[in-house]
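What follows is each chain in one-letter form.
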Amino acid sequence: MKSPEDLPQIIVSGRALRHAREGHPWIYSNEVKHPDPPLAAGTIVRIIDGPGHVTGTAFYHPHSLIALRILALGETTPIDRILRDRLRSAAALRETLFPGGPFHRLVHGESDGLPGLIVDRYGDAYSLQALSAGMDRHMPQILSALEELFHPDLVIERNDTPLREAEGLPRRKGVIGGSGPSTRLIREGDAVFEVDLLEGQKTGFFYDQREARAFLAGSSRGTRVLDLFCCEGAFAVRAAKAGAVNVLGIDVSDRAVGRAAKNAEINGVQERCEFIAEDAFHALDRLQREERRFDRVVVDPPS
């Protein structure tokens, strides 16, 4: 690992620096002077202004529209320290937001000062996703920091998303730390879900819809609920646990529907839940012909 003083330098425009100091996390390709020959994707560089002053550090990509993903402004800080400090800060924030609940998104990329990194926590298991070449290049240091700070019993990488293609990164997934089952039980509100960190969607569970599911649960008592693109049944189960009279979940995936049915059984609401493997648009046509009516409809389609 190079010392901060030995890092390659990239000159950026004054306009880009103004935006960065205002909080924008990226600097675009047309706002930098690219080195010749080009640096490797994911190289950590020092950001230099026109007069030659060091203004921060960033991940560099020679071919992406996002040429620089900012790590720090001002003093140049080693990447190992940045990773540890930002992970500690992210964990402290989640402890405030979700006290005593070890089931949450621990790191949300640029929002936590770790550009292109996603970390989801499932109790003592962690699921990672590196969406930038810089984070992908530093996966060993990320794993080391996680093990030092949180002592996980299992770490899985879910780098099988097509989003990585924009950074020229290959897809892969698997266990990169620890051992044990990839299927875990998590709690959200008054519901329990079985999630598969290796085979579930994205990093295993859609933590980002927590508030939306709570909102649905708060207005579901006595209602009939249709959950389209139900995936593993999180919306459906939360509604049923909150007192929905009946819930119909539709998803094209047999695997997802099977896991949704199991989650309904785990929560003791299987008698009020029905899950069907069917294309959602075909199902809507059929339900209209059957004159089915619902009080709440959830539509959460894939991208």
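### Some words on the overall build of the protein
Inference 1: Looking only at helices and strands, the protein has 8 helices and 17 strands in total.
Inference 2: Looking at the 303 residues of the protein, the share that counts as buried comes to 50%.
Inference 3: Of all intrachain contacts in the protein linking residues separated by at least 6 positions in sequence, the fraction that spans at least 24 positions is 57%.
Inference 4: Carbon together with sulfur atoms contributes 51% to the accessible area of the protein, which is approximately 14,600 Å² in total.
Inference 5: Taking the 38 positively charged and 43 negatively charged side chains of the protein as two groups, their mean positions are separated by 2 Å.

### Remarks on the sheet that holds strand 5 (residues 54-60)
Inference 1: A sheet is described by the order of its strands in space; here 6 strands give the open sequence 2-6-5-4-1-3, paired in mixed fashion. The sheet is open, and its two borders are formed by strand 2 (26-28) and strand 3 (32-33), each paired with just one other strand.
Inference 2: Along the sheet, helix 1 (residues 14-21) contacts strand 1 (9-12), strand 2, strand 4 (43-48), strand 5 and strand 6 (66-73); its crossing angle with strand 6, the most-contacted strand, is approximately 50 degrees.

### Details of the pairing of strand 1
Inference 1: Burial along strand 1 is one-sided: the residues Ile10 and Val12 are buried and none of Gln9 and Ile11 is.
Inference 2: When strand 1 meets strand 3, the two strands line up antiparallel, connected through 2 bridges. The residue of strand 3 that forms the bridge with isoleucine 11 is lysine 33.

### Some remarks on the pairing of strand 14 (residues 224-228)
Inference 1: Burial analysis of strand 14 places 4 of its 5 residues in the buried class, the great majority of the element.
Inference 2: Crossover handedness for the path strand 14 to helix 6 (residues 234-241) to strand 15 (residues 246-251): right-handed.
Inference 3: Of the pairings in the sheet, the one linking strand 14 to strand 17 (residues 296-299) comprises 4 bridges and is parallel in character. Pairing of leucine 228 across the sheet is with valine 299, part of strand 17.

### Things to note about the side chain of glutamate 194
Inference 1: Among the secondary structure elements, glutamate 194 is positioned in strand 13 (residues 191-196).
Inference 2: Note on glutamate 194: relative accessible area 15%, which makes it buried.
Inference 3: Only 3.2 Å separates the side chain of glutamate 194 from the side chain of lysine 262, close enough to count as a polar contact.

### Looking at the packing of aromatic side chains
Inference 1: Under the counting rule described, the total for this entry stands at 6 aromatic pairs.
Inference 2: Aromatic pair tyrosine 126 and phenylalanine 150: ring centres 5.8 Å apart, planes at 20 degrees, arrangement stacked. Of this pair, tyrosine 126 sits in strand 9 (residues 125-130) while phenylalanine 150 is found in helix 4 (residues 139-150), placing the two residues 24 residues apart along the sequence.
Inference 3: For tyrosine 126, a relative accessible area of 3% gives the class buried.
Inference 4: Relative to phenylalanine 281, the ring of phenylalanine 229 has its centre 6.1 Å away and its plane inclined at 70 degrees; by these criteria the two rings are edge-to-face. Here the residue phenylalanine 229 occupies a position in the loop between strand 14 and helix 6, and phenylalanine 281 occupies one in helix 8 (residues 280-289), the gap between them amounting to 52 residues.
Inference 5: Ring-pair connections join several aromatic residues into one group, and the members of that group are Tyr122, Phe193, Phe205 and Tyr207.
Inference 6: Note that arginine 210 overlies the ring of phenylalanine 98, its terminal NZ or CZ placed 4.3 Å from the centroid.
Inference 7: Taking the ring centre of phenylalanine 235 as reference, the NZ or CZ of arginine 213 above it sits at 5.8 Å.

### Thoughts on the packing of helix 5 (residues 210-218) against helix 6
Inference 1: Orientation of helix 5 relative to helix 6, taken along the N-to-C sense of each, is 35 degrees, at an axis distance of 8 Å. Along this stretch, helix 5 crosses helix 6, giving a crossing that reads as right-handed. From helix 5, Ala212, Arg213, Ala214, Leu216 and Ala217 reach across to helix 6, where they touch Ala234, Phe235, Arg238 and Ala239.
Inference 2: Within the contact of helix 5 with helix 6, the residues separate by chemical class into 7 nonpolar, no polar and 2 charged.

### Considerations on the packing of helix 2 (residues 79-97) against helix 4
Inference 1: Orientation of helix 2 relative to helix 4, taken along the N-to-C sense of each, is 45 degrees, at an axis distance of 10 Å. Compared by their axis directions, helix 2 and helix 4 come out oblique. At the point where helix 2 passes helix 4, the crossing takes the right-handed sense. Contacts between helix 2 and helix 4 involve Asp80, Leu83, Arg84, Leu87, Arg88 and Ala91 from the first element and Gln141, Ile142, Ala145, Leu146, Glu148, Leu149 and Phe150 from the second.
Inference 2: Looking at side-chain class alone, the contact of helix 2 with helix 4 contains 8 nonpolar, 1 polar and 4 charged residues.

### Some words on the sheet that holds strand 15
Inference 1: The 4 strands lie next to each other as 16-15-14-17, forming an open sheet whose pairing is parallel. Of all strands in the sheet, those with a lone pairing partner are strand 16 (273-277) and strand 17, marking the two edges. Each strand axis lies, on average, 15 degrees off the axis of its neighbour in the sheet, ignoring direction.

### Focus on the environment of glutamate 199
Inference 1: Counting through the fold element by element, glutamate 199 comes out in the loop between strand 13 and helix 5.
Inference 2: Spatially, the C-alpha atom of glutamate 199 lies 9.2 Å from that of arginine 158, the residues being 41 residues apart in sequence.
Inference 3: Each residue touching glutamate 199, except ones within four places of it in the same chain, is listed here: Arg158, Lys173 and Arg255.

Conventions adopted
- Residues numbered from 1 in each chain as written.
- Predicted model: local features only at pLDDT ≥ 70, side-chain atom pairs only at ≥ 80, totals over all residues.
- Heavy atoms only, no water.
- Helix = DSSP H or I, 4+ residues; strand = E, 2+ residues; numbered from the N terminus.
- Buried < 20%, exposed > 50% of the residue type's maximum accessible area, 1.4 Å probe, protein only.
- Contact = heavy atoms within 4.5 Å.
- Areas by Shrake-Rupley, 256 points an atom, 1.4 Å probe, with all protein chains shown as cover.
- Lys, Arg positive; Asp, Glu negative; His and termini not counted.
- Charge placed at Lys NZ, Arg CZ, Asp CG, Glu CD.
- Pairing = 2+ DSSP bridges.
- Axes fitted to C-alpha atoms, helices over the stretch in contact; angles between N-to-C directions.
- Right-handed = clockwise from strand over helix to strand, strands pointing away.
- Polar contact = N/O pair within 3.5 Å; in protein donor to acceptor, adjacent residues only side chain to side chain.
- Phe/Tyr/Trp six-rings, centres within 6.5 Å; stacked < 30°, edge-to-face > 60°.
- Lys NZ or Arg CZ within 6 Å of the ring centre and 35° of its normal.
- Left-handed = near helix turned anticlockwise from the far one by under 90°.
- Nonpolar A, V, L, I, M, F, W, Y, C, P; charged D, E, K, R; others polar.
- Parallel < 35°, antiparallel > 145°, perpendicular 65-115°, else oblique.

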